[in-house]
Amino acid sequence: QDIRFYPDNFILQSQRNNYNHLYLYNLNGVLVKQLTDGEHEVTNFYGWDEKTGDLYYQSNEPSPLRRAVYKQDKKGKKTRLTPATGTSDAMFSKNLQNFVHTHSDIHTPPVITIENVKGKVLKTLVDNKALAEKLNQPGMPSKEFFQFATSNGTVLNGWMVKPAGLDVSGQNSKLPVIMYLYSGPGSQEVLDSWRTGFYG
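The structure contained in this document is the topic of the report that follows. (Residues numbered from 1 in each chain as written. Predicted model: local features only at pLDDT ≥ 70, side-chain atom pairs only at ≥ 80, totals over all residues. Heavy atoms only, no water.)

What follows is about unusual backbone geometry. Negative phi characterises most residues that are not glycine, and trans characterises most peptide bonds. Despite not being glycine, Asn18 shows a phi value in the positive range, around 80°. Take Asn18: it is sitting in the loop between β2 (9-14) and β3 (21-26). Judged by its relative accessible area of 66%, Asn18 falls in the exposed class. A positive phi angle, close to 65°, is found at Leu96, a residue other than glycine. (Helix = DSSP H or I, 4+ residues; strand = E, 2+ residues; numbered from the N terminus. Buried < 20%, exposed > 50% of the residue type's maximum accessible area, 1.4 Å probe, protein only.)

Taken together, four strands build an open sheet; the order of strands is β1-β2-β3-β4 and the sheet is antiparallel. Here the strands that pair on one side only, and so sit at the sheet edges, are β1 (3-5) and β4 (31-34). Across this sheet, the average inter-strand angle for adjacent strands is 20°, counted without regard to direction. By the bridge criterion, three bridges tie β3 to β4 in an arrangement that is antiparallel. (Pairing = 2+ DSSP bridges. Axes fitted to C-alpha atoms, helices over the stretch in contact; angles between N-to-C directions.)

Attention shifts here to the packing of aromatic side chains. In this description, a pair of aromatic rings is defined by centroid distance and the angle of the planes. Summed over all chains, the structure comprises eight aromatic pairs. Ring geometry for Phe10 against Tyr25: centres 5.1 Å apart, planes inclined by 0°, an arrangement best described as stacked. Pair noted here: Phe10 is in strand β2 and Tyr25 is in strand β3, with a separation of 15 residues, a long-range link. In this pair, the class of Phe10 matches that of Tyr25, namely buried. (Phe/Tyr/Trp six-rings, centres within 6.5 Å; stacked < 30°, edge-to-face > 60°.)

Dropping the structure here:
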């Protein structure tokens, strides 16, 4: 698991309560406290300000399909820094006050901005506007999410790309399918983020 060391402490990611969360230890290996909690996973840890106690991380709290960036203060109060639906990732400055924000969703290619932790966009680095306009033209295939249940009742997520103009109204319609399999732990394929190679 990812371990981040600081002068007087270290932060460990652990799934001890069945969900991946952050735990603060002193340098003697004694647990000080659990920093994050809930029925969701911390999916990326960006940093911790020892002076203020502010914690910065990415989580799938919105949905197993989505990711957002959060700030949490020493009292446990959370602030979502990236409100847009989809998948957000961040690269923080050394002082943890600014970050490069990369956001995309299933239909929108990445938009990259520089923002501060107060919610202000300082600069747009990449807007991918031209690509987004091309993708919205008529005749493009559509990608959508769906859910299905296994034989033991477990509900799983999937996605499907349908050709433009597909007609499935006939009850006896049989159409060819190319199936892309999940490849194991740590390699989530069903995510509300931009992926190339599945539209052609």
